[in-house]
Amino acid sequence: MGVTWIEHSNKKVLLVDFTGSILEQNMIHLVHTLPPFLTDVGDDTILALTDITGCFATPGFVAAARKINNEVFDNFKIKQAIVGVVGAKVILLKAHNLLVKNKIIPFPNREEALDYLTA
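These numbers were taken from a predicted model, which means no experiment stands behind them.

Considering the side chain of Asn97
No. 1: Mapped onto the elements of the fold, Asn97 is located in helix 3 (residues 88-99).
No. 2: On the basis of relative accessible area, Asn97 is assigned to the buried category, the value being 15%.
No. 3: Only 2.9 Å separates the side chain of Asn97 from the backbone nitrogen of Ile104, close enough to count as a polar contact.
No. 4: Leaving out residues up to four positions away in the same chain, Asn97 has contacts with Lys103 and Ile104.

Quick word on helix 1 (residues 24-32)
No. 1: Listing the buried residues of helix 1 in full gives Met27, Leu30 and Val31. Buried residues of helix 1 fall within an arc of 105° about the axis and therefore sit on the same side. Projecting away from the buried face of helix 1 at angles above 90 degrees are the exposed residues Gln25 and His29.

Things to note about the confidence of the model for the chain
Predicted coordinates in regions of low pLDDT should not be interpreted in detail.
No. 1: For the chain, the mean per-residue pLDDT works out to 89, and 100% of the residues sit at or above 70.
No. 2: Element-level pLDDT for the chain is lowest in helix 3, with a mean of 84, against a maximum mean of 97 in helix 4 (residues 110-118).

Points about the packing of helix 2 (residues 59-71) against helix 3
No. 1: In the contact formed by helix 2 and helix 3, the axes pass within 11 Å of each other and the chain directions differ by 30°. It follows from the interaxial angle that helix 2 and helix 3 lie roughly parallel. Here helix 2 and helix 3 pass one another in a crossing that is right-handed. On helix 3, the residues that touch Val62, Ala65, Arg66, Asn69 and Asn70 of helix 2 are Leu92, His96 and Leu99.
No. 2: Taken together, the residues of the contact of helix 2 with helix 3 break down into 4 nonpolar, 3 polar and 1 charged.

Procedures and definitions
- Numbering of residues starts from 1 in every chain and runs along the sequence as written.
- For a predicted model such as this one, the threshold for reporting local features is a pLDDT of at least 70, and the threshold for listing and counting side-chain atom pairs is 80 or more; totals across whole chains, interfaces and linings nevertheless cover every residue.
- Side-chain metrics rest on all non-hydrogen atoms present in the structure, leaving aside hydrogens and water.
- Per the convention used, a helix needs a DSSP run of H or I reaching at least four residues, while a strand needs a run of E reaching at least two, with both numbered from the N terminus.
- Exposed residues in this analysis have more than 50% of their type's maximum accessible area, buried residues have under 20%, and partly exposed residues fall in between, with area computed by a 1.4 Å probe over protein chains only.
- Contacts described as polar in this section are N or O atom pairs within 3.5 Å, which, within protein, must combine one atom able to donate a hydrogen with one able to accept it, while residues neighboring in sequence count only if both atoms come from side chains.
- The contact rule is simple, with two residues in contact once any of their heavy atoms fall within 4.5 Å.
- Summarising the geometry, the arc corresponds to the directions from the helix axis toward the C-beta atoms.
- A residue's pLDDT is simply how confident the predictor is in it, with values from 0 to 100.
- Whenever a helix is involved, its axis is fitted only over the stretch in contact; in every case the axis is a line through C-alpha atoms, and angles between N-to-C directions fall within 0 to 180 degrees.
- Put simply, angles under 35 degrees are roughly parallel, angles over 145 are roughly antiparallel, angles from 65 to 115 are roughly perpendicular, and the rest are oblique.
- Here a crossing is called left-handed whenever its near helix is offset anticlockwise from the far helix by less than a right angle, and right-handed whenever the offset is clockwise.
- Following the grouping adopted for this structure description, the nonpolar residues are Ala, Val, Leu, Ile, Met, Phe, Trp, Tyr, Cys and Pro, the charged ones are Asp, Glu, Lys and Arg, and the polar ones are all others, Gly among them.

This is the structure:
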């Protein structure tokens, strides 16, 4: 679990990794650590991969993610992908995408998501 920059196909990708997190407050805390990672991106398009495999998308977490998306990510050009969206999370993602400018595209695994982001 954490936020870091990784490289794929010679491009920087912001990895927001929630895997293994089962506590809502830990997930919300991680969401709030995102803004400092975006301070030096300039006019470049941010490539962002979120992994929520094995996590619970609670209403509080979804609200915090939407708020950061609207307040922070909307200020950037961003291409987003997500993995780990199964079951009820599919419905939550669809609802989230209806309410935000930068849509998040779901993928079955990290490799496919990274290939999409760096294509």
